[in-house]
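Per-entry structural report
Each chain, written out:
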Amino acid sequence: MSEDAGTAVLLAGLSKRFGSVDAVQDASFEVRRGEIFGLIGPDGAGKTTILRVLSGVMAADSGSVLVDGVDVRSNPEQVRARISYMPQRFGLYEDLTVDENIRFYAEVFEVPRRLRLDRAARLLGASGMAEFRRRLAGELSGGMKQKLGLTCSLVHAPRIVLLDEPTTGVDPVSRREFWQILYGLRAEGVTIVISTAYFDEAERCDRLALLHQGAVRYCESPVALRARMPGALLEIVTPAARAARDVVSGRAGVLSALTVGDGLHVHVDDAVRRGSEIGEALRARAVPFGQIREVTPNVEDLFVALLAPEAKAA
Amino acid sequence: MSTVASLRSPAIEVERLEKRFGRFLAVSDVSFSVRPGEILGFLGPNGAGKSTTIRMLCGLLRPSAGRALVDRIDVALDPEAVRKRIGYMSQKFSLYQDLTVAENLRFFGGIYGLAGARLAARMRYALEMAELTDHADSLVSDLAGGWKQRLALGCAILHEPRILFLDEPTSGVDPLSRRRFWDLIHDMSGAGVTCIVSTHHMDEAEYCNRIALIDRGTLVALGSPAELKRRSLGGELLRVECAPLDRALAALHECPLARDVAVFGSTLHVLVDDAAARREPLIAYLAEHSVEDAHVTRIDPTLEDAFVQLVGRGEPPREPGWAAGAGQASGAQA
């Protein structure tokens, strides 16, 4: 990996221990300018630690981090001026209004007075919050608080934005609006690094690092990641999902079977061949089912398919 | 109560349920019924009335009007009896971190009034179910997230509840543990335990047999995940992969074929009336607007698409007290 003008963040061999826990082990990736890069993984995968190191608030045990070409370890102050870091619990003042919070952060980030009003108005417009300027931050919904947090993080017009699980606990409508704001920022050339434990959000990123137990397991686009899926995923619509699972589990070519609300998801080595075999087996056992069809695996399916074999071995 | 009768009558029956906080109507005219062994998901924005409804069903909050029968008991008349028949597990479930697995089970068993041989048998069952038999003497603080989740479930089912309430039960745990957990829930449902799941996670909602979508205090949709996806969208989805994205987006905003356009990752999602019929014309339209080689494929709508469509765009309602209502509901969850 080499750094060039197209690189916004370069992480090489990053490791960090807390006591006896390896929070992050030998993590490397490159974030390109103007992309939305996702850190995807369950709780404890190392997402927050990586973001803290990238933002310069925490030092790594080993490895190097270049942000916008600047070494975080030797020039943390310089890095901080170029980035914005929104931690999981962003420090909003609940007893101040939306406007007052923005003004406060504009002071903190030393945004010149003549720029403030205009920028605040533009950001509030983009996040659909213009009509709530006089509302107390404490009275906003969870999704609106996150939008205000983002607005405050953007008041100094950073070129690189680091967001730690900004959509956790946010309802789907607000979450979608939040992502539309991110796409707007991307269109302006802002680089975004965002962490999430919601695997479905991986699909919204340009590229992503799939994290597991402190290590970067895969780093690529959602499409490239999907191409790694061994075999295929079949959806069987049935009201008798558990009976169907008993018939399907352990059959030749069946890698796993998962009961879902509408039926069964079966991971097989060959969709066409196993699909017809499974159909016959279900009919022979008189298990009712509607249809069997191949569906596109999502990132969670991939995580399980790629990482389950080694987890079992461990 | 005969087994046959309890199998036939709904596990939960809600008729025109209503809850007011002062002038604020938190839940309005909600009716539905849940059959025994069903897994019903509650979805809705924060402050939509989800938690208020669930608190009424748990006998923690008295309805202002309407009726809710839980295991055929009226929650307004005998909330105490309701609480004995239900189990509750939250993602923020308060396990005692400095006690062992067995000590936690014994503690919660005591709260439910279990003792002696029954407590021992239920503890054995819970340990086996949660695959924690070999870890009975481990401190909870030493357990991984997925194991804690299963222990929390074990604690919630010690008293053999007929109805289980789960609040974002697998948020943040790794997908392998999440799947194991849902396998357990599906087994319980097969054994006749009714499960009510409240969640923001679309992937958790996919595990539910039916989903009740609550918005602004009312039930806006009720159906299986597949039904909701099918009927909510009012059209079909095409995914457009092309470059440059901005130019395609601008062009499609003006395109009469597209009912709606949204950026999704490095692609665009376009809502059309008929995917098969509109695919070719859409590619031609993009080419006319200097977007060459667009790759257009039909995709299935997700539950999130259904949710957004049914709950509607824009901000939640802003009537006075809205924020206060939301605060009360979430405060009770924590």
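Here we summarise the structure given alongside this text. Worth saying up front: this structure is predicted, and the values here are computed from it rather than measured.

About the criteria used
- Residues numbered from 1 in each chain as written.
- Chains lettered and ligands numbered in written order.
- Predicted model: local features only at pLDDT ≥ 70, side-chain atom pairs only at ≥ 80, totals over all residues.
- Axes fitted to C-alpha atoms, helices over the stretch in contact; angles between N-to-C directions.
- Helix = DSSP H or I, 4+ residues; strand = E, 2+ residues; numbered from the N terminus.
- Parallel < 35°, antiparallel > 145°, perpendicular 65-115°, else oblique.
- Left-handed = near helix turned anticlockwise from the far one by under 90°.
- Contact = placed C-beta atoms within 7 Å.
- Pairing = 2+ DSSP bridges.
- Buried ≥ 20, exposed ≤ 12 C-beta atoms within 10 Å, placed from the backbone.
- Nonpolar A, V, L, I, M, F, W, Y, C, P; charged D, E, K, R; others polar.
- Core = buried A, V, L, I, M, F, W, Y, C linked by C-beta atoms within 7 Å.

Focus: the packing of helix 4 (residues 101-111) of chain B against helix 5 (residues 116-129) of chain B
Geometry of a packed helix pair, given as the angle between the helix axes and the separation of the axes. All names here are of chain B. Relative orientation of the contacting elements helix 4 and helix 5 amounts to 130°, with a least axis distance of 10 Å. Here helix 5 runs oblique to helix 4, going by the angle between their axes. At the point where helix 4 passes helix 5, the crossing takes the right-handed sense. Two secondary-structure elements touch here, helix 4 through A102, L105, R106 and G109 and helix 5 through L119, R122, M123 and A126.

Quick look at the sheet that holds strand 14 (residues 295-299) of chain B
Strand pairs in the sheet, formed through backbone hydrogen bonds, run parallel or antiparallel to each other. Residues and elements named next belong to chain B. If you walk across this open sheet you meet the four strands as 12-13-11-14, and the pairing is antiparallel. This sheet does not close on itself; its edge strands, each paired only once, are strand 12 (260-264) and strand 14. For this sheet, the mean angle separating the axes of adjacent strands, direction not counted, is 25°. Note: strand 11 (residues 236-241) against strand 13 (residues 267-272), five bridges, orientation antiparallel. Looking at the pairing, L238 lines up with V270 of strand 13. On top of the sheet, helix 11 (residues 275-288) reaches strand 11, strand 13 and strand 14; it is set at about 30° to strand 11, its chief contact.

Examining the environment of S290(B)
Residue and element names in this part refer to chain B. Tracing the chain through its elements places S290 in the loop between helix 11 and strand 14. In this structure S290 comes out as exposed when scored by C-beta crowding, with 10 C-beta atoms within 10 Å. Along the primary structure S290 and V311 are separated by 21 residues, whereas in three dimensions their C-alpha atoms are 36 Å apart.

Focus: the interface of chain A and chain B
Every contact between the two is made by 38 residues of chain A and, on the other side, 39 residues of chain B. Mapped by element, the contributors of at least two residues to the side of chain A that touches chain B are helix 6 (172-187), helix 8 (241-248), strand 12 (254-260) and helix 10 (299-313) of chain A. Element by element, the count of residues in the side of chain A that touches chain B is highest for helix 6 of chain A, at seven residues. Here the residues of the side of chain A that touches chain B are counted per class, giving 18 nonpolar, nine polar and eleven charged.

Considering unusual backbone geometry
Residues A243(B) and P244(B) are joined by a peptide bond in cis, for which omega reads -10°. Take P244(B): it is sitting in the loop between strand 11 and helix 10 (245-253). Within the chain, A157(A) stands out as a residue other than glycine whose phi angle is a positive 50°. Locating A157(A) in the fold gives a position in the loop between helix 5 (142-153) and strand 7 (160-164).

Focus on the environment of G184(A)
Residues and elements named next belong to chain A. Relative to the helices and strands, G184 resides in helix 6. When the 13 C-beta atoms within 10 Å are taken as the criterion, G184 is described as partly exposed. A C-alpha to C-alpha distance of 24 Å links G184 and C219, two positions 35 residues apart in sequence.

Some words on the nonpolar core
Residues A244(A), L264(A), V70(B), L164(B) and C195(B) are the most contacted members of the largest nonpolar core, which totals 88 residues. Ranked by residue count, the leading element in this core is helix 6 (residues 145-156) of chain B, at six residues. Those residues in contact with L264(A) that lie beyond four places of it in its chain are I236(A), T238(A), A241(A), A244(A), R245(A), V248(A), A257(A), L258(A) and T259(A). In terms of nonpolar packing, the next biggest core, distinct from the first, is built from 68 residues, L123(A), F132(A), A197(A) and C205(A) among them.

Remarks on the pairing of strand 13 of chain B
Residue and element names in this part refer to chain B. Here strand 12 pairs with strand 13 via five bridges, running antiparallel. Looking across to strand 13, one finds that D260 is bridged to L271. Adjacent in sequence and paired antiparallel, strand 12 and strand 13 are bridged by two residues, among which G265 carries a positive phi angle near 60°.

Considerations on the sheet that holds strand 11 (residues 232-237) of chain A
All names here are of chain A. The strand order across the open sheet built from four strands is 12-13-11-14, with neighbouring strands paired in antiparallel fashion. The open sheet terminates on both sides in strands that have one partner only, identified here as strand 12 and strand 14 (292-295). Within this sheet the neighbouring strands show an average axis-to-axis angle of 25°, counted without direction. Both strand 12 and strand 13 (residues 263-268) contribute to a ladder of six bridges, which runs antiparallel. Along strand 13, the bridge assignment pairs S256 with H267.

Worth remembering: the numbers are spatial, not functional.
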